[in-house]
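# A closer look at the structure
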Amino acid sequence: MEDKKQRLTPEYLLGTSEQQKWAGNYFFNPRGIGFLEPGCVPLDNAAMSAYNVAKSSYQIRPEVFNIEYISRTLGIGKDEIVKRLHRLYDEHLIMFVMNPATQVYGWGLYYWFVKLKEGVTKEAKAKFSDWYQNKDDICTGYEMNGDFDFFNGNHMRVLDNLLYDVIGPWKDEPEVEYVHICPIRRDIRESHVNMWDAPGDSYREVCWGKGQMEKLAKIQNKMDLTDLKIVEVLNAKKPVENLFDFSVLSEISGLDPKDMLNGIKDVIEVKRILVPLFFINFMKLGLTNHMFIIRTFQNIPCYRKAQIADELAAMPEFNAVFEFSDSFYDMSVWAYNEISDIKALRDKLNAYSEIEDIKEADITKQYRRWVCRLDDENGFWEECVFTDDFLQDRTGKNAAKLCRFCQDRKEVK
């Protein structure tokens, strides 16, 4: 009995020298879209204290970040940096978020895009848009204009929960042409920052194409080059000591600064399961994000698809790079129309003989990103709902996922 108990409680944890040793018990490593790894840190774990305190305080105390480091790096006075961060947040130009690693937290990240039929009215499209905007299960969502009409995503532990609760209520409406689900195989880059699935040692590196940032500073008057450089420094790959000011975090929370440092350092730098980053409100800067969704021929092997995704990620003009799995479509890359040569990028994609089809569309409205609401015109800027299907209603009568305790309350002890 004792041996069995020990086997069920592995001592090896994510991020240790014995990382994933548990998988060695099997001939092929067991894997799924959402696969909870031993040692994964829950978001309310004490190791997350530094991030959680900063997230809830930076709006009025930007000093939770290492202003001294930013000042040294850019040669700007500390008071000036604090003043600018206040303005950037107050005008909803930036948002501090984090992206936990998919496929180790026990849920998969499922993107899906929707095409409405030709001739559908603006009013009918607005009906779908309102539904998506108000559906808190959706963690990321955009209205689009082009080859498709919506691009949304969900954190889900169970695929049926996505099909039943999120897609089921509207997919048979007469206006819908099709829905394609695109499960994330690798999250390579988001909002200019490389994620944990980036190739080589490029994790957390910031990517802007040559001259993109300077051009952005010139075509609008909301953020100048200094503002953009501050955000770049905050997002740049560096030790967490240079991101946060742990003395300020301790003053706010009463927690031990060394404990907070050790905890968040382990999560970000050792385990590499969380990337903190600043999102730039590109729509408020007048940018339109152009999305390519790419399908390779179905006989292309998976390793070649991964190579193509890496080759596209080597182009810093793309601010987002995703690779999908078990889908009609294999990857997606995004670039801004106003500061990118979209035609040149399209030509590079079309040069791949392995690519069978490309769908393109521009983002025209944003609902939320990484569970934070972006619709500031409705007063919901940064409102957060962790969109995990674990939180879905499991008490509904005749629901597919009705739990046994709701079926027979006598079973509740």
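Everything discussed here concerns the structure shown above.
Here goes a summary of the coordinates provided. (Residues numbered from 1 in each chain as written. Predicted model: local features only at pLDDT ≥ 70, side-chain atom pairs only at ≥ 80, totals over all residues. Heavy atoms only, no water.)

## Overview of the packing of aromatic side chains
- Tallied over the entire structure, the rule returns 33 aromatic pairs.
- Centroid distance Y58 to F96: 5.8 Å. Interplanar angle 70 degrees. Geometry classified as edge-to-face. Here Y58 is found in the loop between α2 (49-57) and α3 (67-74), whereas its partner F96 is found in strand β1 (residues 94-100), with 38 residues between them in sequence. For the residue pair Y58 and F96, the accessibility class agrees, reading buried in each case.
- Plain terms: the ring middles of F279 and W370 are 6.0 Å apart, the flat faces sit at 80 degrees to each other, and that makes the pair edge-to-face. Here F279, found in strand β7 (residues 274-280), pairs with W370, found in the loop between β11 (355-369) and β12 (372-373); they are 91 residues apart in sequence, far enough to count as distant.
- Pairwise contacts between aromatic rings join Y51, Y58, F65, Y89, F96, F244, F246 and F278 into one cluster. (Phe/Tyr/Trp six-rings, centres within 6.5 Å; stacked < 30°, edge-to-face > 60°. Helix = DSSP H or I, 4+ residues; strand = E, 2+ residues; numbered from the N terminus. Buried < 20%, exposed > 50% of the residue type's maximum accessible area, 1.4 Å probe, protein only.)

## Regarding helix α5 (residues 122-134)
- Taking 1.5 Å as the rise per residue, α5 with 13 residues should run 18 Å; its terminal C-alpha atoms sit 18 Å apart, in good agreement.
- Listed in full, the buried residues belonging to α5 are A124, K125, F128, S129, Y132 and Q133.
- Buried-residue contacts for α5 involve β2 (108-116), β3 (138-146), β4 (150-156), β5 (176-190), β11 and β12. (Expected span 1.5 Å × (residues − 1). Contact = heavy atoms within 4.5 Å.)

## Quick notes on the pairing of β1
- Counted residue by residue, β1 has seven buried out of seven residues, so it is predominantly covered.
- Of the two faces of β1, the one holding I94, F96, M98 and P100 and the one holding M95, V97 and N99 are both buried throughout.
- Sheet topology note: the β1/β7 ladder contains seven bridges and is antiparallel. Along β7, the bridge assignment pairs P100 with L274. (Pairing = 2+ DSSP bridges.)

## Observations regarding the packing of α2 against helix α9 (residues 246-253)
- At their nearest, the axes of α2 and α9 sit 10 Å apart, and the two run at 75 degrees to each other. What the angle tells us is that α2 and α9 run roughly perpendicular. In this structure, α2 contributes A50, V53, A54 and S57 to the contact, and α9 contributes F246, L249, I252 and S253.
- The residue makeup of the contact of α2 with α9, split by class, is six nonpolar, two polar and no charged. (Axes fitted to C-alpha atoms, helices over the stretch in contact; angles between N-to-C directions. Parallel < 35°, antiparallel > 145°, perpendicular 65-115°, else oblique. Nonpolar A, V, L, I, M, F, W, Y, C, P; charged D, E, K, R; others polar.)

## A word on the environment of S129
- Tracing the backbone shows S129 in helix α5.
- The sequence separation of S129 and F150 amounts to 21 residues, and the corresponding C-alpha distance is 8.0 Å.
- S129 has contacts with E143, F150, K365 and Y367, leaving out every residue within four places of it along the chain.
- Of the polar contacts made by the side chain of S129, one reaches the side chain of E143; its length is 2.7 Å. (Polar contact = N/O pair within 3.5 Å; in protein donor to acceptor, adjacent residues only side chain to side chain.)

## As for the layout of surface pockets
- A volume near 430 Å³ is recorded for the largest pocket.
- Top element by residues in the lining of the largest pocket is β5. It accounts for three residues.
- A per-class count over the lining of the largest pocket returns nine nonpolar, six polar and seven charged. (1 Å grid on protein atoms, 1.4 Å probe; cavity = no way out; pocket = protein on both sides within 12 Å on 5 of 7 lines; lining within 4 Å. Points joined across faces, edges and corners; volume = space filled by probe spheres on them.)

## Here's the deal with the environment of M156
- Summarising the element assignment, M156 is placed in strand β4.
- Setting aside chain neighbours within four positions, we find M156 in contact with W107, G108, Y110, N161, L162, V166, D389 and Q392.

## Considering the nonpolar core
- One finds F65, F151, M223, F244, L249, I264 and I273 to be the most contacted residues of the largest nonpolar core, which totals 92 residues.
- Examining the composition of this core, we find that six residues originate from one element, β7, more than from any other.
- Sequence-distant contacts of M223, that is, excluding residues within four places in its chain, are made with L88, L93, I94, A217, L228, V231, I280 and L285.
- I188, A309, V321 and I355 belong to the second-largest nonpolar core, a separate cluster that totals 20 residues. (Core = buried A, V, L, I, M, F, W, Y, C linked by side-chain atoms within 4.5 Å.)

## A closer look at empty space enclosed by the protein
- Under the counting rule described, the total for this entry stands at four cavities of 30 Å³ or more.
- Estimates place the volume of the largest cavity at around 80 Å³.
- For the largest cavity, the full set of lining residues is Y142, S191, F279, I280, F282, N289, N319, A320, W334, Y336 and R369.
- Listed by contribution, the elements that provide at least two residues to the lining of the largest cavity are β7 and β10 (331-336).
- By residue class, the composition of the lining of the largest cavity is seven nonpolar, three polar and one charged.

Taken by themselves, the reported measurements are silent on function.
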